[in-house]
Amino acid sequence: MDREMREEYLVVIQAKDMGGHMGGLSGTTTVTVTLTDVNDNPPKFSKSLYEFVIPEELGIGQPGGKVKANDRDIGENAKSTYNIIDGDEKDVFEITTDAQTQEGILRLKKPLNFETKKSYTLKVEAANIRFDPNSGAPFKDTATVKIAVEDSDEPPVFSKPTFVLQVDENAPINTVIGTVTARDPDVTGSLVRTSNDLLFFCRYFIDRHTDLERQFNINVDDGKITLAKPLDRETDMWHNITVTATEIRNHSQISRAIVAIRVLDINDNAPEFATEYEAFLCENGKPGQVIQTVSAVDKDDPIQGHYFEYRLIPEMLNNPNFTIKNNGDNSISVLAKHDTFRRQKQEMYFLPIIVTDNGNPPMSSTNTLTIRVCGCSREGIVQSCNVEAYVLPIGLSMGALIAILACIILLLVIVVLFVTLRRHKNKPLIIKDDEDVRENIIRYDDEGGGEEDTEAFDIATLQNPDGINGYLPRKDIKPDLQFMPRQSGGPNGVDVDEFINVRLHEADNDPTAPPYDSIQIYGYEGRGSIAGSLSSLETASSDSDQNYDYLREWGPRFRRLGELYSVGESDKET
């Protein structure tokens with residue numbers, strides 16, 4: 001049986017009892033028979049020749065085509081592997097197997113170049129992974145693969161990925177630094193000198209993001225780099241710029257190269273002191289003692305190294321105070337010639353020194369060394385370099401005097417603040433007008449009931465208790481004229497009318513009292529009034545029933561009131 005022809009069989013089986021004799025019973029069942037696969041079929045390509053067109057800019061590792069060998073077997077018996085067994089430049093391509101689709105994928109191992117080789121022919125083999133050696137059949141198959149390389153418009157290619165150029169600092173503008181070159185890889189062979197030749201040339205530009213100060217220029221046709229501004233090595237020793245090359249016929253094809261420009265040194269800087277030196281000379285020093293060691297620096301960097309020469313200016317060659325000595329290591333020592341330096345005579349000396357380098361041409365500069373005369377201890381330790389130190393007390397410096405003076409000023413400020421606060425505290429308070437307390441104001445809530453109200457309290461309380469026995473002076477204003485207090489009667493013989501008149505007279509004749517001085521409120525209606533109480537609270541009748549004719553009988557004072565309240569017969573009818 002061949003599984004590839006028929007994989008499954010169904011068999012019906014019948015069973016009979018009674019030995020199969022007449023009258024017996026029977027039953028049937030179906031048996032499914034499945035054939036298992038054996039590797040008895042080799043892989044087979046669907047066609048013997050495969051042709052692919054691959055662009056030359058295809059990336060490394062990218063697929064360029066697929067081939068597949070079919071196998072009638074299933075499972076592990078159908079798995080195959082692919083290999084390139086023959087062909088020109090087999091190391092340019094490789095073929096791998098896709099485990100899912102069992103296809104052979106052709107991939108690129110090296111970049112293609114249409115200008116170098118335009119086509120490739122390969123022989124590919126597909127073989128089973130598992131096969132039966134006893135079968136004797138060849139479990140593999142082969143096919144031919146032809147690959148045509150498609151020409152692509154490639155960007156220009158520089159002759160070198162990086163160019164290193166050199167130029168002297170301070171070189172004049174438009175100095176040619178060097179040349180960069182690039183070619184169009186799409187063009188091979190010698191070019192015919194015609195107008196169409198320009199189609200294959202490149203144009204060159206400088207990426208200004210790498211040359212922000214625009215210190216360089218480049219010729220767009222031949223790639224010559226020139227100087228646009230003078231360069232200073234002490235500012236920048238190296239300049240890295242990016243040059244781009246584009247095709248004239250296709251500006252989208254751009255290539256880049258790095259150009260490193262080194263600035264060569266020339267002797268254009270004079271040496272100078274390494275730092276701002278300030279020397280100190282002791283008054284009790286000895287002749288020949290070293291005051292200061294001086295060294296110099298130079299921004300230039302000569303190939304042979306630095307060598308500095310020191311000398312005093314011509315006006316100081318016969319200096320009676322100081323001299324210099326070369327130490328042999330590009331430094332000098334400044335020496336004192338005598339020991340009679342005094343601060344009272346001269347506190348500070350200035351020593352000009354000329355420093356010259358060994359460049360071509362040599363450069364020199366004049367630097368001044370400042371020397372201070374100071375007071376020193378016996379061990380030579382500097383203690384004071386100021387002339388003012390002589391006028392200060394022994395052991396007391398200028399800083400200590402300033403601190404003491406600051407403390408004295410602080411104490412004075414504290415004392416002034418203290419005195420000011422004491423004066424402010426002892427100042428008497430001013431009584432406001434709205435809080436001015438005059439005489440006692442006695443108020444009563446009783447409306448008044450005539451003589452009946454006088455029986456409820458002592459009439460003597462209407463007087464100012466403090467004014468019974470004497471005159472009560474004002475507390476807020478000291479009067480210019482003092483009036484003798486008027487004696488009044490005791491509580492048992494009080495005449496209210498007389499008491500009020502006396503108070504009124506005193507207030508009117510008091511020059512120190514304002515009009516509001518003696519305000520008194522009294523609820524007393526008077527004594528012995530023939531009218532009696534004027535209150536209507538006790539009247540039981542209404543206004544319409546009340547008879548006011550009796551008001552005319554009270555006298556001339558109530559006549560007008562009686563006319564207002566009296567109602568005639570004619571008025572009633574109305």
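For the structure given in this document, a descriptive report is provided here. Everything numeric here is computed off the predicted structure, so don't read it as measured data.

## Side note on the environment of A257
Among the structural elements, A257 can be located in strand 19 (residues 254–264). Residue contacts for A257: discarding those within four places in its chain leaves F158, K160, P161, F163, I241, T242 and V243.

## Here's the deal with unusual backbone geometry
Of all residues except glycine, most have a negative phi; of all peptide bonds, most are trans. Here the bond from N360 into P361 is cis, since omega is 0°, no more than 30 degrees from zero. Even without being a glycine, M18 presents a positive backbone phi close to 55°. Although it is not a glycine, Q102 sits at a positive phi angle of roughly 55°. The residue Q102 is located in the loop between strand 7 (93–97) and strand 8 (103–108) in this model.

## Some thoughts on the nonpolar core
By size, the foremost hydrophobic cluster in this structure holds 24 residues, and its most contacted members are F45, V67, F93 and V145. Elements with a contribution of two residues or more to this core: strand 4 (49–55), strand 5 (63–70), strand 6 (80–87), strand 7, strand 8, strand 9 (119–128) and strand 10 (140–150). Leave out the neighbours within four places in its chain, and F45 touches Y50, V67, K68, A69, Y82, V124, E125, A126, D141, T142 and A143. Within the second largest apolar cluster, 23 residues are counted, among which are V180, A182, A245 and V263.

## Section: the pattern of salt bridges
Tallied over the full model, the rule gives 12 salt bridges. Linking R372 and E278 is a salt bridge whose minimum nitrogen-to-oxygen distance equals 2.4 Å. Of the two residues, R372 sits in strand 27 (residues 364–376) while E278 sits in strand 21 (residues 278–282), which places them 94 residues apart along the sequence. With relative accessibility at 36%, the residue E278 sits in the partly exposed group. One network of salt bridges, in which partners are shared, links R3, E4, E7 and D37.

## Things to note about the sheet that holds strand 8
The 4 strands are arranged 3-5-8-7 in an open sheet whose pairing can be described as antiparallel. Edge positions in the open sheet fall to strand 3 (44–45) and strand 7, since each of these has one partner strand only. Where strand 7 meets strand 8, 5 bridges bridge the pair, whose relative direction is antiparallel. When the sheet's bridge partners are listed, F93 is paired in strand 8 with L108.

## Observations regarding the pairing of strand 12 (residues 162–168)
Burial along strand 12 is one-sided: F163, L165 and V167 are buried, while T162, V164, Q166 and D168, pointing the other way, are not. Where strand 12 meets strand 19, 7 bridges bridge the pair, whose relative direction is parallel. Looking at strand 19, one finds that Q166 is bridged to R262.

## As for the sheet that holds strand 10
Taken together, 4 strands build an open sheet; the order of strands is 4-10-9-6 and the sheet is mixed. Edge positions in the sheet fall to strand 4 and strand 6, since each of these pairs with one other strand and no more. Each strand of the sheet is rotated relative to its neighbour by a mean of 30°, with strand direction disregarded. With 9 bridges connecting them, strand 9 and strand 10 associate as antiparallel partners. Among the inter-strand pairings, A126 is bridged to a residue of strand 10, identified as D141.

## Regarding the state of the cysteines
As used here, a disulfide is simply a covalent bond connecting the sulfur atoms of two cysteines. For the coordinates displayed, the defined rule picks out 1 disulfide. There is a disulfide in this structure between C282 and C376, and the S-S distance comes to 2.0 Å. Residues C282 and C376 are joined through a disulfide that is left-handed, its torsion about the S-S bond being -85°. Note that C282 is positioned in strand 21 and C376 in strand 27, a separation of 94 residues in sequence. Overall, C282 belongs to the buried group, its relative accessible area being 12%. A residue is classified by how much of its surface remains accessible, and C376, at 14% relative accessible area, is buried.

## Considering the side chain of N367
Inspection of the secondary structure puts N367 in strand 27. With relative accessibility at 13%, the residue N367 sits in the buried group. One polar contact links the side chain of N367 to the main-chain amide nitrogen of F273, over a distance of 3.4 Å. Residue contacts for N367: discarding those within four places in its chain leaves P271, E272, F273, L351, P352, I353 and V355.

## Digging into the packing of aromatic side chains
For the structure on display, the rule yields 8 aromatic pairs. Both rings, one in F45 and one in Y82, keep their centres 6.2 Å apart while their planes meet at 55°; by these two values the pair is tilted. With F45 in strand 3 and Y82 in strand 6, the pair connects residues that are 37 residues apart, well separated along the chain. Since its relative accessible area comes to 2%, Y82 is described here as buried.

## Re a nonpolar patch on the surface
A surface patch of nonpolar side chains, about 540 Å² in accessible area, is lined by M398, L401, I402, I404, I408 and L412. Here M398 lies in helix 1 (residues 398–426).

Reading the values: rules and limits
- Residues numbered from 1 in each chain as written.
- Predicted model: local features only at pLDDT ≥ 70, side-chain atom pairs only at ≥ 80, totals over all residues.
- Heavy atoms only, no water.
- Helix = DSSP H or I, 4+ residues; strand = E, 2+ residues; numbered from the N terminus.
- Contact = heavy atoms within 4.5 Å.
- Core = buried A, V, L, I, M, F, W, Y, C linked by side-chain atoms within 4.5 Å.
- Buried < 20%, exposed > 50% of the residue type's maximum accessible area, 1.4 Å probe, protein only.
- Salt bridge = Lys/Arg side-chain N within 4 Å of Asp/Glu carboxyl O.
- Pairing = 2+ DSSP bridges.
- Axes fitted to C-alpha atoms, helices over the stretch in contact; angles between N-to-C directions.
- Disulfide = S-S within 2.5 Å.
- Polar contact = N/O pair within 3.5 Å; in protein donor to acceptor, adjacent residues only side chain to side chain.
- Phe/Tyr/Trp six-rings, centres within 6.5 Å; stacked < 30°, edge-to-face > 60°.
- Patch = residues over 30% accessible without salt bridge, like charges linked within 9 Å, V, L, I, M, F, W, Y side chains within 5 Å.
- Areas by Shrake-Rupley, 256 points an atom, 1.4 Å probe, with all protein chains shown as cover.

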